[in-house]
Amino acid sequence: PRANAWLVPLLRDESGPVRRAALFALGQIADAQARGDGAGALALTLRAALREAEAADLPYAIEALGKTRDPRAVAELVRQEAGRLVYLGHEDAYVRGEAALALFRLGDASVLPELFVALNLEKEPEPRWRQVYAAWRLLRARAQAAGPAHGARDARQQRADAWARSEERRVGKECRSRGSPYH
């Protein structure tokens, strides 16, 4: 809590690297708090920081917010304006990828429809692999939560795994054809 008191004002610093370092540090604190009692007040601060973030700071704000595990953060990350997903459909590929990973970290499988919309629209391989990974992990978590109902859970997990493997191969091939270092 004391670290928050001196980090939060840095979110409005004139220097971009200082703001991004503060966002990263707050994300690390939020991650530790979410494993314990929760990151309620910090999550509120990070949701506000995301809404006020400059373009270069967006990926850092999204990553930090995802680490809070705050269910209210989901609505912010799948918010739409003019029929377009604000973060999953952002013009910056890095923002789109970080939004997908943050949604996975938040652990709410109800965002799968938005992730699949983003996957279907995505043209860049770097954010696409993040979207595939997030969707796969959420699908697996949903299948595990369903329980062992006559092998249905295992079948759902196998379908999720098969889908993720085929997407990973396709995205990996696309990344290699573009000379991307990611695959």
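This one's a predicted model, so the numbers in the text were calculated from it and none came from an experiment.

Draft legend 1. The packing of helix α6 (residues 93-106) against helix α8 (residues 125-146), seen in detail. Relative to each other, α6 and α8 sit at 10 degrees, their axes nearing to 8 Å. Taken as axis vectors, α6 and α8 run roughly parallel relative to one another. Listed contacts from α8 to A93, Y94, R96, G97, E98, A100, L101, L103 and F104 of α6 are P127, R130, Q131, Y133, A134, R137 and L138.

Draft legend 2. Expanded view of the packing of aromatic side chains. According to the stated counting rule, one finds two aromatic pairs in the structure shown. Ring geometry for F104 against Y133: centres 5.5 Å apart, planes inclined by 75 degrees, an arrangement best described as edge-to-face. With F104 in helix α6 and Y133 in helix α8, this residue pair connects regions lying 29 residues apart in the sequence. On the basis of relative accessible area, Y133 is assigned to the partly exposed category, the value being 29%. Joined through ring pairs, the aromatic side chains of F104, Y133 and W136 make up one cluster.

Draft legend 3. The arrangement of the layout of surface pockets in detail. When its volume is computed, the largest pocket comes out at roughly 220 Å³. Taken together, 13 residues line the largest pocket, and the ones lying closest to its centre are L11, R12, A49, E52 and A53. Elements represented by at least two residues in the lining of the largest pocket include exactly α2 (16-35) and α3 (40-52). If one sorts the elements of the lining of the largest pocket by residue count, α3 sits on top with four residues. When the residues that make up the lining of the largest pocket are grouped by side-chain class, the tally is six nonpolar, one polar and six charged. Taken as a whole, the second largest pocket encloses approximately 150 Å³ of empty space. For the second largest pocket, the full set of lining residues is Q80, G83, R84, L85, L88, G89, R96, V117, A118, L121, E122 and K123. For the lining of the second largest pocket, the elements supplying multiple residues, two or more each, are β2 (84-85) and α7 (112-121). Ranked by residues supplied to the lining of the second largest pocket, first place goes to α7 with three residues.

Parameters at a glance
Residues numbered from 1 in each chain as written. Predicted model: local features only at pLDDT ≥ 70, side-chain atom pairs only at ≥ 80, totals over all residues. Heavy atoms only, no water. Axes fitted to C-alpha atoms, helices over the stretch in contact; angles between N-to-C directions. Helix = DSSP H or I, 4+ residues; strand = E, 2+ residues; numbered from the N terminus. Parallel < 35°, antiparallel > 145°, perpendicular 65-115°, else oblique. Contact = heavy atoms within 4.5 Å. Phe/Tyr/Trp six-rings, centres within 6.5 Å; stacked < 30°, edge-to-face > 60°. Buried < 20%, exposed > 50% of the residue type's maximum accessible area, 1.4 Å probe, protein only. 1 Å grid on protein atoms, 1.4 Å probe; cavity = no way out; pocket = protein on both sides within 12 Å on 5 of 7 lines; lining within 4 Å. Points joined across faces, edges and corners; volume = space filled by probe spheres on them. Nonpolar A, V, L, I, M, F, W, Y, C, P; charged D, E, K, R; others polar.

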